[in-house]
Amino acid sequence: MAVSESTVLAALRIAVLVALGWAAGGLLVHLLFARLKTARPLHAPPAGSPRRGILYAFGPALLPWAKESVRNHLPSYALGILLHLGVAAAALGLALSLLRTEPAPALRWGLGFPAAAGALASLGLFAKRIFHKPLHALSTADDYLSNALVTLFLGLGAGRALDPSYEPWFLGAAALMLFHLPVGKLRHCLFFFLSRAGFGAFFGRRGVFPPRKGDHA
Amino acid sequence: MPEDPHLPDAPPEGMPEPERDELDLRMAALVDDDLNRGMAFFRGRLGPAESAYLQACVRCGLCAESCHYFRTAPEAENIPGHKLGIVASAARARTLAGAMLGSLVGVRDFDREAVRAWMDAAYGRCTLCGRCSLNCTIGINIPAILRNARGALGVMGLTPPDLAVVVQSSLDTGNNMAIPTQEFLDTVQWLEEELQAETGDATARIPVDKVGARVLLTINPREPKFYPLSLLASARVFHEAGEDWTVSSRGWDLTNYALFTGSPKDGGAIARNLLEEARALDVKLIAMGECGHGYAAARWEGPEWLQRPHGIPLVSVLELLVQYLREDRIRVDGRRIAARITLHDPCNLVRHGGVVEPQREILRRLGVDFVEMTPNREHNFCCGGGGGQLSIGRYRNRRVAAGGVKAEQIRATGAQIVATPCHNCQDQLADLNREYQLGVTVQSLTELVAEALVPHDPTPSEPTP
């Protein structure tokens, strides 16, 4: 008995929803385990503001003039930005797919183009991981797998935005990526924010962030 | 002969394998109880932020060039993310990802081989300088994790013995060089005589154990032991400023090498010694002499180790010098210093301590030919001597090699004098000066100020009736 396309799509949407639940649940477990650790109260009198440090850490500290590693690796930085913009676009496309909503033609390009750019950026970073010796030495199997899953998600997301026939493949790629998300390095979607906040608070409290020129004493 | 990256200094090809030292033997003798104890310590010290740091690395590699070890030896083992991964991979064995995917996500068992890798990463290739953190895409406080790893190694009896001795000296004798009290007092007395001769003031004093003084000055044992004129410089400045100050015969050592061993217990004990002395003398302010780690340990870590505020304000001596200059309590003429001066920023004072501008203001007010290194301030490169490296003979070659980045920074400034407010950095810079033939003199900020002092009253004062 042939399985109808609508059945396949329905099954894939369910798979994506299950994977989304798995990803969300996994990230929640990570968050709870991290938060279960007791934050020791700090007793040294602060020299600055943790809040201002956090704001600085999420803003100016990431920009090329403040961060040497960005200045020295502008192409990788640009590819990273494109990749993450692409993820946002593809995620929006996924939401529309799950809601069975066809994007308006203008929005197709608004979703498809960033997703395609993100896919190419992701491929570029994949290639860098293979051919750049220090990065290759640093990498684990998870790095390649995560990159491959994201590249597929973005590429097929771009395809789906421009051509609905890509939808089953796009949903399949999304489900795979979401299943992997909480157990691989893609969980940095949560831990980036936790780490950056801790980092900003640390340096903010010590009066290092934001940098002060001139009178320190 | 296969090169083992975990050996302290892999010998050149054709050379015999180095003798296994005490540390190697201890690592080889570890049993499960030791490993469990070490991991329990490590995990017990993780707060929410540290737990996040262990999970957050995306292995982007952008941290690599921020590290002076990697810059001078571009091996994977020197990439900060790799060092973090060495520690995280064992610590994450019990996480969801570790349980499900194991080696796919880089998780490994915490066994003797992992411990050797921890030793190599945390002690052999890191000064805990934190430059990597500023350049980390995620913002992982890598030194916090590696310091915690050092603490775990210590719990397993694996603190490098030459570093452990320094900490034990502080605990046993009150100073890290085990200088007997009488020897210290004799040095102070001699310096006091020098102070009187230099100032022409027979009443000039280096007060010792003066109860109720405003300022308690703490110093590095290096000063009374090897460089007493550095202490004399402080005395001249305080005398000229008319400061109400004292040193302590018991709690004069500002160093706290437990910051490097990651032992909160030892760190707290050493910090407590200093504080109890300050309270006994009823001083109003503790001035930390020029020392990066000493400042960071006392100012930032001490209250956390002791789990209470100090209750006595604590400043870097640089902040006092700036105050004296601003208030015209001391006058200086930098024309006496006919040399170009550059400034090395000690990591623990600047990046981790937040004392960034006073040393610059001092140099500006001296009116000397001051040229900054590039980069500087919180983005400075470590001199290579931090993290206790100066006390660890096992990694001496790597320390000097990694200092090559700082050497080139110094050379690029064309300076004849390198000013740095840290005695450990001074030692490392002296080594770099020899190794890289920089032809510079290394001085503290206080020494420069003392050299440039213009006495308020050039005539000898009348003796007090």
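Data block above holds the structure.
Since the structure is predicted, the reported quantities are computational estimates derived from the model, not experimental observations. (Residues numbered from 1 in each chain as written. Chains lettered and ligands numbered in written order. Predicted model: local features only at pLDDT ≥ 70, side-chain atom pairs only at ≥ 80, totals over all residues. Heavy atoms only, no water.)

## Quick notes on the overall build of chain B
Where we set the bar: Helix and strand definitions here come from DSSP, where helices need a minimum of 4 consecutive H or I residues and strands a minimum of 2 consecutive E residues; each element is numbered from the N-terminal end. A 1.4 Å probe rolled over the protein chains alone gives each residue an accessible area, and that area as a share of the maximum for its type sets the label: buried under 20%, exposed over 50%, partly exposed in between. Residue contacts are defined here by distance: any two heavy atoms, one from each residue, within 4.5 Å place the two residues in contact.
When helices and strands are counted, chain B shows 22 helices and 10 strands. Expressed along its principal axes, the backbone C-alpha trace of chain B runs to roughly 80 × 45 × 40 Å. Here chain B, with 465 residues, has 64% of them falling under the buried criterion. Contacts in chain B between residues at least 24 apart in sequence constitute 81% of all its contacts with a sequence separation of at least 6.

## A closer look at empty space enclosed by the protein
Residue and element names in this part refer to chain B. Defined as follows: Cavity: a set of points on a 1 Å grid over the protein atoms alone where a 1.4 Å probe fits but cannot get out. Pocket: an open set with protein on both sides within 12 Å along at least five of seven lines, its lining residues, like those of a cavity, having an atom within 4 Å of a point. Grid points are joined across faces, edges and corners, and a volume is the space filled by probe spheres set on the points.
Applying the stated criterion to the full structure yields nine cavities of 30 Å³ or more. Contributing to the lining of the largest cavity are 18 residues, with Cys 347, Asn 348, Gly 386, Gly 387 and Cys 425 lying nearest its centre. Elements represented by at least two residues in the lining of the largest cavity include exactly α16 (292-306) and α21 (423-435).

## A short note on the sheet that holds strand β2 (residues 245-246) of chain B
All names here are of chain B. Threshold: Strand pairing requires that DSSP identify at least two bridges connecting the strands.
Across the sheet, four strands lie side by side as β2-β1-β3-β4; this open sheet has parallel pairing. Edge positions in the sheet fall to β2 and β4 (314-316), since each has one partner strand and no second. Summarising the sheet, strand β3 (residues 285-288) and β4 pair through three bridges and their orientation is parallel. The residue bridging Ala 287 from the neighbouring strand is Val 315, located in β4.

## Concerning α16(B)
Each full turn of the α-helix corresponds to 3.6 residues, which orients residues three or four apart in the same direction. All names here are of chain B. To be explicit about the condition: One less than the residue count of a helix, multiplied by 1.5 Å, gives the span that helix is expected to have. One fitted axis covers the seven residues ending at a residue, a second covers the seven starting there, and the bend at that residue is the angle between these axes.
Taking 1.5 Å per residue as the helical rise, α16 with its 15 residues ought to reach 21 Å, and the 20 Å between its terminal C-alpha atoms agrees with that figure. Of all the bends in α16, the greatest reaches close to 45° and is centred on Trp 300; the proline Pro 303 follows between one and four positions later. Gln 307 sits one or two residues past α16 and shows a positive phi near 55°.

## Some thoughts on the interface of chain A and chain B
For clarity, the cut-off: By buried area we mean how much accessible surface two parts lose on assembly, using a 1.4 Å probe and totalling the loss over both. Put simply, a salt bridge is a Lys or Arg side-chain nitrogen that is within 4 Å of an Asp or Glu carboxyl oxygen. Here a polar contact means two N or O atoms within 3.5 Å. Within protein one must be a hydrogen donor candidate and the other an acceptor candidate, and residues neighboring in sequence count only if both atoms are side-chain atoms.
The interface of chain A with chain B comprises 60 residues on the first partner and 64 residues on the second. Of the roughly 5300 Å² buried at the junction of chain A and chain B (both faces included), carbon and sulfur atoms supply 59%. In terms of surface lost to chain B, no three residues of chain A exceed His43(A), Leu138(A) and Arg206(A), which account for 14% of the buried area on that side. In this assembly, chain A and chain B are joined by five salt bridges. Taken together, the links from chain A to chain B amount to 21 residue pairs in polar contact (both at pLDDT 80 or more). Counting residues per element, the ones that place at least two in the side of chain A that touches chain B are α1 (5-36), α3 (68-72), α5 (105-131), α6 (133-138), α7 (141-162) and α9 (188-205) of chain A. Element by element, the count of residues in the side of chain A that touches chain B is highest for α9(A), at 11 residues.

## As for the packing of helix α2 (residues 50-58) of chain A against α9(A)
All names here are of chain A. Stated formally: To get an axis, a line is fitted to the C-alpha atoms, and for a helix only the part in contact is used. The angle between two axes follows their N-to-C directions and goes from 0 to 180 degrees. In these notes the angle categories are as follows: under 35 degrees is roughly parallel, over 145 is roughly antiparallel, 65 to 115 is roughly perpendicular, and the rest is oblique. Crossing handedness is read from the near helix: turned anticlockwise from the far helix by less than a right angle, it gives a left-handed crossing, and turned clockwise, a right-handed one.
Between α2 and α9, the shortest axis-to-axis distance is 7 Å and the interhelical angle comes to 130°. It follows from the interaxial angle that α2 and α9 lie oblique. The handedness of the crossing between α2 and α9 is right-handed. For the pair α2 and α9, the contacting residues are Pro 50, Gly 53, Ile 54, Ala 57 and Phe 58 in the first and Phe 192, Phe 193, Arg 196, Ala 197, Phe 199, Gly 200, Ala 201, Gly 204 and Arg 205 in the second.

## What about the packing of α1(A) against α9(A)?
Packed helices, taken two at a time, are described by the angle their axes make and the gap between the axes. All names here are of chain A. Formally: Lys, Arg, Asp and Glu make up the charged group, whereas Ala, Val, Leu, Ile, Met, Phe, Trp, Tyr, Cys and Pro make up the nonpolar group; the residues left over, Gly among them, are polar.
Closest axis-to-axis distance for the α1/α9 pair is 10 Å, and the angle between their directions is 30°. Here α1 lies roughly parallel to α9, going by the angle between them. The interaxial crossing formed by α1 with α9 has right-handed handedness. Where α1 abuts α9, its residues Leu 27, His 30, Leu 31 and Arg 35 lie against Cys 189, Leu 190, Phe 191 and Leu 194. In terms of residue class, the contact of α1 with α9 is made up of six nonpolar, one polar and one charged.

## As for the sheet that holds strand β9 (residues 441-443) of chain B
Residue and element names in this part refer to chain B. Spatial strand order, β7-β6-β8-β9: four strands in an open sheet with parallel pairing. Edge strands, defined here as strands with exactly one partner in the open sheet, are β7 (369-372) and β9. Taking each pair of neighbouring strands and ignoring which way they run, the sheet shows an average axis angle of 30°. Across three bridges, the pairing between strand β8 (residues 417-419) and β9 is parallel. Note that in β9 the partner of Val 418 across the bridge is Val 442. This element, helix α18 (residues 358-366), spans β6 (340-343) and β7 of the sheet and lies at about 170° to β6.

## Side note on the pattern of salt bridges
Summed over all chains, the structure comprises 39 salt bridges over all chains. The salt bridge partner of Arg131(B) is Glu68(A), with a shortest N-O separation of 2.5 Å. Taken together, the positions of Arg131(B) in helix α8 (residues 131-135) and Glu68(A) in helix α3 put the pair across two chains. For the residue pair Arg131(B) and Glu68(A), the accessibility class agrees, reading buried in each case. Of the charged contacts in the structure, one is a salt bridge between Asp120(B) and Arg398(B), with a shortest N-O distance of 3.0 Å. Of this pair, Asp120(B) sits in helix α7 (residues 112-124) while Arg398(B) is found in helix α19 (residues 396-402), placing the two residues 278 residues apart along the sequence. Classification of Arg398(B) by relative accessible area gives buried; the value is 13%. Three or more residues are tied together by salt bridges with common partners; here these are Arg13(A), Glu102(A), Arg108(A), Arg160(A) and Glu167(A).

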